[in-house]
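Read off the chains here:
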Amino acid sequence: MNVSTRIFVILALAVAVGLATAVSPFASPNPDGLEKVAGDKQFLDEGKLHSIQEDSPIPDYAFPGVHDQRVATGLAGFIGTLAVFAIGYGLAFVVRRQSRGAPPPGAPA
Amino acid sequence: MIHLPLALHIPDGFLSGGVAAVAGVLAIAAVAYALRVANVEPDEARVPLLGVLAAFIFAAQMLNFPIVGGTSGHFLGATLAAVLLGPWLACLVMAVVITVQAFAFADGGISALGANILNMGVLGALLAGLLVGALVKVLPHARSVFLGVVATVSWFAVMVGTAATSFELAISDTVPLGTSLPAMLGVHSLIGIGEAVITTAAVAAVLVSRPDLVALGPPQLTTEPGRVPRPVERSASA
């Protein structure tokens, strides 16, 4: 049941967007691996946000200004997944151009 | 207090300047090398696959699943990326995901970005590339054997990233190795099971729908009859 590249991409992207939008609001809110250990071993408070991150567009996966937390998380997941798709897709063109032996200006040597 | 979602995402403040800088240099070196050797043909299906895989890994990383003791864990994805794209393209995909998480979502530090790319991306991707590649050569080329290899290696990749994180925290004088390593490995041995389940399911789905997109799969499983397999990655000397 081989599918065409177009269908494969659409299906896989739909799965990713669906998970990030509709499932992520119901993900476990418990502290995860490092956070739990950091809390137990008393170094969690040493963690801080970089000053750049004070202005993060979507801090902590919650779309700002949306009061319903699940909607805020789902919206963050939707936008984030599409943004990462776009950047990853763009990356392929960077790698592709390099592979032809003509590195784009500004690329690492 | 600001809530910091971590998993293996190290926030700023956990690592010393020296450790963050060394990890940053290693991560930049790996990404720069990956940009040199990774090769994607213009007409290839792998052009959109890079975007799709980055999107899937980002999405799956948002899905914290509960494990024992009021703790959760989430998928990392380095092994999945390496199995589908080869280790060096996988490093690039993981670097994209982790960088977006840090800058857009305040998830993982900025000065710790190199360490996070190293722990969650580069180490796992390169380990998976080495191990899966080596095991495919010596083991029978059956689908079940290959998926078993993928499951096992993805678990190990999580454990290696976890151990690296503990070492970095210890060298930074944040928490002694003897304190953090057993706790970190214990929690992540369970998170690694989730990693193995998701990675294996995703690879199995691609093997069914588009076997040619499984870069590290045995040729018998990934090549359609009558189709010439493409070289995965150009060698470093090319």
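For the structure itself, look to the data block above.
Let us look at the structure shown here. All values derive from a computational prediction rather than experimental measurement.

## Observations regarding the overall build of chain A
In terms of helices and strands, chain A carries three helices and zero strands. In sequence order, chain A lays out its α and β elements as α-α-α. The buried share among the 109 residues of chain A stands at 33%. Within chain A, contacts between residues at least 6 apart in sequence are counted, and of these 46% link residues at least 24 apart.

## Focus: helix 1 (residues 5-23) of chain A
End to end, helix 1 of chain A covers 26 Å across 19 residues, agreeing with the expected 27 Å (1.5 Å per residue, within 8%). Val9(A), Ala12(A), Ala16(A), Val17(A), Leu19(A), Ala20(A) and Thr21(A) are the residues of helix 1 of chain A that are buried.

## What to know about the interface of chain A and chain B
Of the residues lining the interface, 58 residues belong to chain A; the matching set on chain B comes to 66 residues. Taken together, the elements giving at least two residues each to the side of chain A that touches chain B come down to helix 1, helix 2 (33-40) and helix 3 (69-99) of chain A. By residue number, the principal contributor to the side of chain A that touches chain B is helix 3 of chain A, which donates 16 residues. Of the residues that constitute the side of chain A that touches chain B, the class distribution is 33 nonpolar, 16 polar and nine charged.

## Brief notes about the packing of helix 3 (residues 78-85) of chain B against helix 6 (residues 143-171) of chain B
Residues and elements named next belong to chain B. Where helix 3 meets helix 6, the closest approach of the two axes is 9 Å, and the angle between their N-to-C directions is 135°. The angle between the axes of helix 3 and helix 6 places the two elements in the oblique class. Contacts between helix 3 and helix 6 involve Ala78, Thr79 and Val83 on the former and, on the latter, Val150, Val153, Ser154 and Ala157. Here the residues of the contact of helix 3 with helix 6 are counted per class, giving five nonpolar, two polar and no charged.

## Examining the nonpolar core
Residues and elements named next belong to chain B. One finds Ala81, Val93 and Met94 to be the most contacted residues of the largest nonpolar core, which totals 108 residues. Among the elements that line this core, the one with the most residues is helix 5 (residues 113-138), at 14 residues. Every residue in contact with methionine 94, bar those within four places of it in the chain, is listed here: Gly77, Ala78, Ala81, Ile117, Met120, Gly121 and Ala125.

## Notes on the packing of helix 2 of chain A against helix 7 (residues 177-209) of chain B
One way to put it is that helix 2 of chain A packs onto helix 7 of chain B with a least axis distance of 9 Å and a crossing angle of 150°. In terms of orientation, helix 2 of chain A lies roughly antiparallel with respect to helix 7 of chain B. Relative to helix 7 of chain B, helix 2 of chain A is oriented so that their crossing is right-handed. Contacts from Gly33(A), Lys36(A), Val37(A) and Asp40(A) in helix 2 of chain A reach Ser180(B), Ala183(B), Met184(B), Val187(B), His188(B) and Ile191(B) in helix 7 of chain B. For the contact of helix 2 of chain A with helix 7 of chain B, the per-class residue count stands at five nonpolar, three polar and two charged.

Thresholds, definitions, all that
Residues numbered from 1 in each chain as written. Chains lettered and ligands numbered in written order. Predicted model: local features only at pLDDT ≥ 70, side-chain atom pairs only at ≥ 80, totals over all residues. Helix = DSSP H or I, 4+ residues; strand = E, 2+ residues; numbered from the N terminus. Buried ≥ 20, exposed ≤ 12 C-beta atoms within 10 Å, placed from the backbone. Contact = placed C-beta atoms within 7 Å. Expected span 1.5 Å × (residues − 1). Nonpolar A, V, L, I, M, F, W, Y, C, P; charged D, E, K, R; others polar. Axes fitted to C-alpha atoms, helices over the stretch in contact; angles between N-to-C directions. Parallel < 35°, antiparallel > 145°, perpendicular 65-115°, else oblique. Core = buried A, V, L, I, M, F, W, Y, C linked by C-beta atoms within 7 Å. Left-handed = near helix turned anticlockwise from the far one by under 90°.

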